[in-house]
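Breakdown of the fold
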Amino acid sequence: MPTPHDPSSRIRFRRLLATAALATPTLLAACDSGDPSDAGSGGGTATVDPAPLDADHRRAAGLLARYEYADAAEALERVVESDPDRLDARVDLAIAVMNRQLEDDEQNALDMIEGIAAAHPDDLRAAYVAGVLLQRAGEDERAEARFRTVVEGDPTDAYGWYHLGLVLERERPADAMAAYRRAAEIDPYLRSAWFRIGSVAARLGDDDAADAALATFERLETNPRAVSVKPIYGRLGSKAMAAPHAIATERTPRPDGPIWAPPAPLPIDATAIWRAGGSVSVADLDGDGRLDVFVAGGTELGNAVLLATDDGYRLEASHPLAGIPDVRLAAFADIDHDGRVDAFLGRRGPDQLWLRSDDDAWRDATGEAGVGGGDRDTVDALIVDADHDGDLDILAIVADGADRLWNNDRTGAFTDIAPDAGIGGGAGSRRGLAVDLDGTRDLDLLVIRDEAPHLVHLNDRLWSYTSDDARFAALASADLRLAAAGDLDGDGVVDLVTADGGGGIDRWSPDADGVYQPSRLRTLDATPANLMIADADGDGVLEVVTDIDLGLTATAAWSPLLREPGRGHAVVVAPSVQTGPMLVDAGPGRFDFTAIELTGTEDATQSLRTNADGIGAIVAARSDDRWTVRTNLRPHAGPGQSRQPMPFGLGGAPALSFLLIDWPDGLF
């Protein structure tokens, strides 16, 4: 079993080019298309061992993601030669040849994919790739037929509608305009669609529409979430990307025993006079690769900084973050994109921002950043890329004043844009949550107030928010004390889980009209201290975890801690009057886990910019035909924010078979 600092169960994914790259022989980061349950249709014949062909296909998908088209094509040629019935591999081979761009490659790819599309008229990937190649060859009428097959089979494919517009534009500009508008409606970040709308509107004499569309096109220029269609892999939509199908693996049964160990004292090699009531956050504070614990106001001397050691934790009273008074919470992230953890401290009084220097020393950067905020009481904070510009912003939830949204100016300074963005409110805020509530692939904000109505701020993308959407009226008026978000059923739609003042735990989901409605999951004796959405037993299914599941009876703050990546989350509990910090460790009755650590990067030549921690990325992990979908955001109700990897339960399988990462700037 791995020790707390053993990296063998942790896999790091650095944002390189358009997607994550091959990490180990058994786990591939690549791309999927469409519904996760429809990831491929091929299969081995009775005389062909599918396992090595599955491995070669997954390897080829990784090579395509790294733009190594020739090697990918060679690998897929071997797969198809060994098993010509693998439809998904034949489509992917055409994609690889199309992107390789040797002499005659486009014609050869067209011949391949047209044969597939003719034999399999319901295969939308084949129809889409055929349409792209026909459009490049100037065969607009034939391309139109292929793209109509795509949009009729999948009306939500923005790229299908966009390409349909391209082949209609020359002869039927009004029809092309309708197709482009549908593409922009489905994906408002599809910058190319706005450009085509502006161009066609000008041609049709609609100057107002042209000006509005081109203004949107220009405003999206600096937003890395915006996507421009280009004739390269990863820029033509998911149907022009590799889709290796799931493989069956032998699974081991779940071990006997409880999922959680009984609460026990956190092993600390020092004594202290503990104080109750502090919040808990987790991060590697000293750069040794182990996760440390920060308890705001945890001792009579100040904050408890607990540095991980081989045997437990060491109370570091001399740490720069330990002596800062009146701290309510800590939010950790790599704010300045230098690869080191930084800390935003919410306080009773001016907040503080601490950055790590090149020599790994901590320094107070509050003055230069301008995030003090005055003499207020900050009760929660989140560090997210609120505007999808590739930099991390700070949402400060304030009990006795207006909430603040500190926009990162990329100069080391921050500006509070809450008043201009239409958020902020007045005194009375309690907790914050960043989540995509309306399914538009950007982060909306839920601010829980002491009393309803609560604030639901829907992100309008261009640095503004809407706060009066009727779909969330019931949520805004409900009795809410805590909220966390996650995809409980792996369907790609976020579920909101809340706790009320009577101990009721509700799940909020959109109905057929998109209106969020609650359904009762269970009722506890009282409001829990916290709740989180996590895969507790490693079966790949996310569950709601509260105090009662952890065996906690006192209402002390707690936070997940990935102490041993191969075992999934443990929980660290803040001190009470009677005891120091407690640990609810992973129990023996769990499947094994793996953990994913994301690292964003910036590459202007590829129009890529992702925040350093990949915060906001959506990670979908597949093991056989089981999917677990998680967003790299705070998995619990707070307060504060940790910086640690994301665990994924293997459900008895030896490894994940497929990983899709939707990075915050909108690329897969």
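Residues numbered from 1 in each chain as written. Predicted model: local features only at pLDDT ≥ 70, side-chain atom pairs only at ≥ 80, totals over all residues. Heavy atoms only, no water.

So, on to the pattern of salt bridges. All chains considered together, the criterion is met by 40 salt bridges. Among the ionic pairs, Arg-86 bridges to Asp-83, the shortest N-O distance being 3.5 Å. The exposure classification of Arg-86 matches that of Asp-83, with both residues buried. Arg-314 is paired through a salt bridge with Glu-316; the nearest N and O atoms lie 3.0 Å apart. Taken together, the shared-partner salt bridges in this structure form one network comprising Asp-338, Arg-340, Arg-356, Asp-358 and Asp-360. (Salt bridge = Lys/Arg side-chain N within 4 Å of Asp/Glu carboxyl O. Buried < 20%, exposed > 50% of the residue type's maximum accessible area, 1.4 Å probe, protein only.)

Taken together, the side chains of Asp-71, Glu-74, Glu-77 and Glu-81 make up a negatively charged region of the molecular surface. If you trace the backbone, Glu-74 turns up in helix α2 (residues 69-82). By relative accessible area, which is 43% here, Glu-74 ends up partly exposed. (Patch = residues over 30% accessible without salt bridge, like charges linked within 9 Å, V, L, I, M, F, W, Y side chains within 5 Å. Areas by Shrake-Rupley, 256 points an atom, 1.4 Å probe, with all protein chains shown as cover. Lys, Arg positive; Asp, Glu negative; His and termini not counted. Charge placed at Lys NZ, Arg CZ, Asp CG, Glu CD. Helix = DSSP H or I, 4+ residues; strand = E, 2+ residues; numbered from the N terminus.)

Attention now moves to the side chain of Asp-105. With respect to the secondary-structure elements, Asp-105 resides in helix α4 (residues 105-119). The exposure class assigned to Asp-105 is buried, which follows from its relative accessible area of 2%. Ignoring any residue separated from it by four or fewer positions in sequence, one finds Asp-105 in contact with Val-97 and Arg-100. (Contact = heavy atoms within 4.5 Å.)

On to unusual backbone geometry. Each neighbour pair has its own omega, and for Ala-452 with Pro-453 the value is 5°, a cis peptide bond. Relative to the helices and strands, Pro-453 is located in the loop between β17 (444-449) and β18 (455-459). Of the consecutive residues Gly-638 and Pro-639, the connecting peptide bond is found in the cis state with omega at 5°. Along the chain, Pro-639 turns up in the loop between β33 (626-631) and β34 (646-649). Non-glycine residue Gln-101 carries a positive phi angle of around 65°. Relative to the assigned elements, Gln-101 resides in the loop between α3 (87-100) and α4. Backbone geometry at His-337 places phi at a positive 60°, although glycine is not the residue there. The topology assignment puts His-337 in the loop between β8 (327-333) and β9 (342-347). The partly exposed category is assigned to His-337, whose relative accessible area is 31%.

The next subject is the confidence of the model for the protein chain. Taken as a whole, the protein chain shows an average pLDDT of 88; of its residues, 89% reach a score of 70 or greater. In this model, residues 1-8 is a region of pLDDT below 50 whose contacts with residues beyond four sequence positions or in other chains number eleven contacts. In the predicted structure, residues 14-46 sits below a pLDDT of 50 and forms 105 contacts with residues beyond four places in sequence or in another chain. (pLDDT = per-residue confidence, 0-100.)

Roughly 840 Å³ of volume is contained in the second largest pocket. At the level of elements, β1 (10-14), β29 (593-599), β33 and β34 are the ones that each hand at least two residues to the lining of the second largest pocket. It is β29 that contributes the most residues to the lining of the second largest pocket, four residues altogether. Residues that form the lining of the second largest pocket fall into these classes: 15 nonpolar, 13 polar and 14 charged. (1 Å grid on protein atoms, 1.4 Å probe; cavity = no way out; pocket = protein on both sides within 12 Å on 5 of 7 lines; lining within 4 Å. Points joined across faces, edges and corners; volume = space filled by probe spheres on them. Nonpolar A, V, L, I, M, F, W, Y, C, P; charged D, E, K, R; others polar.)

With respect to the helices, strands and loops of the structure, Ser-559 is situated in strand β26 (residues 558-564). For Ser-559, a relative accessible area of 0% corresponds to the buried category. Not counting chain neighbours up to four residues away, the residues in contact with Ser-559 comprise Val-280, Ala-570, Val-571, Val-572, His-636 and Ser-642.

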